[in-house]
Number of protein chains: 2
Amino acid sequence: MKNIEAYFQDFTKGLEPSNLYEPMRYILTQGGKRLRPHLVLSTTQALDGNIIVAEYVAEAFEMLHNFTLIHDDIMDDAPIRRGMPTVYKKWNSNIAILSGDALATMALRRLLVTPCPETIRLKLIDIFTETSLLVCEGQQYDLDNETDDTCDLAAYLLCIEKKTAALLVGCLRSAAILSEREDCEHALSVFGTNLGIAFQLKDDYLDLYSENIKFGKTKGGDILANKKTFLYFSALKHACKEDNNALIHYFSISDMNPDEKIKAVKEIFDRCNVQKDVEKWIDIYISKAYDALRDTNLPEEKLSDLFQLLEQLKVRTV
Amino acid sequence: MKNIEAYFQDFTKGLEPSNLYEPMRYILTQGGKRLRPHLVLSTTQALDGNIIVAEYVAEAFEMLHNFTLIHDDIMDDAPIRRGMPTVYKKWNSNIAILSGDALATMALRRLLVTPCPETIRLKLIDIFTETSLLVCEGQQYDLDNETDDTCDLAAYLLCIEKKTAALLVGCLRSAAILSEREDCEHALSVFGTNLGIAFQLKDDYLDLYSENIKFGKTKGGDILANKKTFLYFSALKHACKEDNNALIHYFSISDMNPDEKIKAVKEIFDRCNVQKDVEKWIDIYISKAYDALRDTNLPEEKLSDLFQLLEQLKVRTV
């Protein structure tokens, strides 16, 4: 990971105009979990692939991820990310649109110089652009769902499969391709889909049920932002008619006292056993992810990093 | 061109979510000059290249061009394009950001299925992404110039070279590559740069000096929008101190009576001989473009389409 961090420190050096390139460097040197590079590198290692090649691919996917964050933050009107002002807040939304566009292009150009045979490079670009399109579709479903009264749990899961899981799947498939281990591509995709969904459900869970709250986040922030997550759809599914109506009402208003709103919604969630339901589903997706990893038929010791990722997800508290 | 139009009619058929894909179809079936596809096809024909391959490339570049229009219209707050509401006006700016992002990706995926050898396909993707980055840089310079008092004619020309000419250069270089005529790539690039700049200067010229005004445009619209074009920088260069100050003032206010403002600015332009100056420079760039075409050393009859394009640009009145 050290090489990747070093690359992000320098990749815009000397490039002009600075209002285009500086925002990219800003967001890419803020840290973050680096989950996507980690997936590319660990999987390539597990498959005895070339780590130098994997670093290029890891950088490209982390750039793609951060491009989506720059644009998503404009759409979601989000002022803070990782405890820092978002790009559109620090500069403005025109600069955020444009530097996002340019970052997506830089990501692709990183793949273009990946030191591997041409056939593999083209296959990587194919996966990469397919991924990028799925993420756009996921984000559009997310925007559509905000105002769609017919949106339910199934629609929500389709949305996060595209918006969150697809990018992880892209990282894993790319690692399989660059390691010339197409035989593992399908099982790794299934792993990625389930990991991604479990990951998002854990995020949804921790927003309300975390013991310690992440820096810069508000407990119940999703409720206050009327963000319909797994918790909301799980409740809707199990609620009596009265709670159902109340929930729909609470998630349509924004002038209620914050503490009272969180309390009222949480009471409905409790009556609907939402906490147990989301815990159950996180376990189900994590267990599916385990199964998929075993389906690669790789020796357990090769997969230790990826198994560990699932263990960490289980016990994650922030 | 018929195949290309047919492709745009159908390329989003059956794709979901429709809020992501419908805006792409909307903008790509509005017509427009199709200058970029025309350049790819005519140049490929001149170089005896494969027209089927050229159609894929032409489609990709037209999609790239329209992606930049979708995002530019958000940034410029432009309500109308080609006599129709812009994407962000017809839908909203979130949808415009996202469908623009997705269109850029679809454009690249069109190149990925271009029926040509892998080495050429990778070279086309290289040119395409380089072009895309140059256009972003040009648009950022354009945004920067709006508020930069030190911006002058040279800075303006650099900006339009990237924002407008680079895309034409990308089309021409791609035609050379797909036709396996690298020997013509440089001369065609020079042709594209000069054609692009001449094209933009003609646009700047016609905004104020056109006899008949284009549908949906206002005569002097650039002046009313405080858009600093070649006319403004040419005037600044030749104006006396008093006119200079007046010009800077006029281009910083937006509450003046439209007719009076255009009249006042035009009087300064007239004193500075702006009309003659821009006519002179259009001729210079067109003549450089002619020279570059001759430098390809292709027989004149092969180049007739491209020569004709320059003739049309000379006499263009709207």
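If you're wondering where the values come from, they're calculated on a predicted model, not measured in any experiment.

Quick notes on the rules
Residues numbered from 1 in each chain as written. Chains lettered and ligands numbered in written order. Predicted model: local features only at pLDDT ≥ 70, side-chain atom pairs only at ≥ 80, totals over all residues. Heavy atoms only, no water. Helix = DSSP H or I, 4+ residues; strand = E, 2+ residues; numbered from the N terminus. Rg over C-alpha atoms; globule rule 2.2 N^0.38 Å. Buried < 20%, exposed > 50% of the residue type's maximum accessible area, 1.4 Å probe, protein only. Contact = heavy atoms within 4.5 Å. Areas by Shrake-Rupley, 256 points an atom, 1.4 Å probe, with all protein chains shown as cover. Lys, Arg positive; Asp, Glu negative; His and termini not counted. Charge placed at Lys NZ, Arg CZ, Asp CG, Glu CD. Expected span 1.5 Å × (residues − 1). Bend = angle between axes of the 7 residues up to and from the residue. 1 Å grid on protein atoms, 1.4 Å probe; cavity = no way out; pocket = protein on both sides within 12 Å on 5 of 7 lines; lining within 4 Å. Points joined across faces, edges and corners; volume = space filled by probe spheres on them. Core = buried A, V, L, I, M, F, W, Y, C linked by side-chain atoms within 4.5 Å. Buried area = accessible area lost by both parts, 1.4 Å probe. Salt bridge = Lys/Arg side-chain N within 4 Å of Asp/Glu carboxyl O. Disulfide = S-S within 2.5 Å. Phe/Tyr/Trp six-rings, centres within 6.5 Å; stacked < 30°, edge-to-face > 60°. Lys NZ or Arg CZ within 6 Å of the ring centre and 35° of its normal.

*Asks:* How should the overall build of chain A be read in this particular structure?
*Replies:* When its secondary structure is counted, chain A shows 15 helices and two strands. For a compact globule of 318 residues, the expected C-alpha radius of gyration is about 20 Å, and chain A comes in at 20 Å, within 12% of that figure. The buried share among the 318 residues of chain A stands at 58%. Across chain A, contacts joining residues at least 24 apart in sequence account for 70% of those joining residues at least 6 apart. Accessible area of chain A: about 13,500 Å², with a carbon and sulfur share of 49%. Charge separation in chain A, taken as the distance between the mean sites of 37 positive and 49 negative side-chain charges, equals 3 Å.

*Asks:* Can you walk me through helix H8 (residues 153-178) of chain A in this structure?
*Replies:* Residues spaced three or four apart along an α-helix point in a common direction, a consequence of the helix completing one turn every 3.6 residues. Residue and element names in this part refer to chain A. Taking 1.5 Å per residue, 26 residues should reach 38 Å; H8 reaches 36 Å between its end C-alpha atoms and fits that length. Maximum bend of H8: about 50°, positioned at Ala165. Among the 26 residues that make up H8, 21 are buried, leaving the element largely enclosed by the rest of the structure. Glu180 lies just past H8 and shows a positive phi near 55°.

*Asks:* Any chance you could explain empty space enclosed by the protein here in plain terms?
*Replies:* To find the voids left in a structure, one rolls a probe of water-molecule size over its atoms. Inspection of every chain in the model, using the stated rule, returns seven cavities of 30 Å³ or more. Around the largest cavity sit 18 residues that line it, and Ala104 and Thr105 of chain A together with Ala104, Thr105 and Leu108 of chain B are the ones nearest its centre. Elements with a minimum of two residues in the lining of the largest cavity: helix H4 (51-76), helix H6 (93-112) and helix H7 (118-146) of chain A together with helix H4 (51-75), helix H6 (93-112) and helix H7 (118-146) of chain B.

*Asks:* Looking at this structure, I do not really get the nonpolar core. What am I missing?
*Replies:* Among soluble globular proteins, nonpolar side chains are generally buried collectively. Residues Leu39, Phe191 and Phe269 of chain A together with Leu39, Phe191 and Phe269 of chain B are the most contacted members of the largest nonpolar core, which totals 220 residues. In contact with Phe191 of chain A, not counting residues within four places along its chain, are Leu39, Leu172, Ala289, Ala292, Leu293, Leu306 and Leu310 of chain A.

*Asks:* I'm lost on the interface of chain B and chain A in this one. Help?
*Replies:* Interface size is commonly expressed as the accessible area that is lost once the parts come together. Each partner contributes residues to the interface: chain B has 37 residues there, and chain A has 37 residues. Between chain B and chain A, a total of about 3,500 Å² is buried, with carbon and sulfur atoms accounting for 66% of that surface. Run the count over chain B and chain A and you get two salt bridges. In this structure, Arg109 of chain A engages Asp126 of chain B in a salt bridge whose closest nitrogen and oxygen atoms are separated by 2.9 Å.

*Asks:* Explanation requested: the state of the cysteines in the structure shown.
*Replies:* Residues and elements named next belong to chain A. Here the structure, examined in full by the defined rule, presents zero disulfides over all chains. Free of any disulfide, Cys136 has its nearest cysteine sulfur in Cys159, 13 Å distant. Judged by relative accessible area, Cys136 falls into the buried class, the value being 4%. With no disulfide of its own, Cys171 lies 16 Å from the sulfur of Cys116, the closest cysteine sulfur.

*Asks:* What is the right way to look at the packing of aromatic side chains in this model?
*Replies:* For any pair of aromatic rings, the description consists of the separation of the ring centres together with the inter-plane angle of the planes. Counted according to the given criterion, the structure contains 22 aromatic pairs over all chains. Feature note: the residues Tyr156, Tyr232, Phe233 and Phe251 of chain A constitute an aromatic cluster, connected by ring pairs. Looking at Arg110 of chain B, its charged tip hangs above the ring of Tyr7 of chain B, at a distance of 3.8 Å from the centre. The side chain of Arg316 of chain B reaches across the aromatic face of Phe199 of chain B, ending 4.9 Å from its centre.

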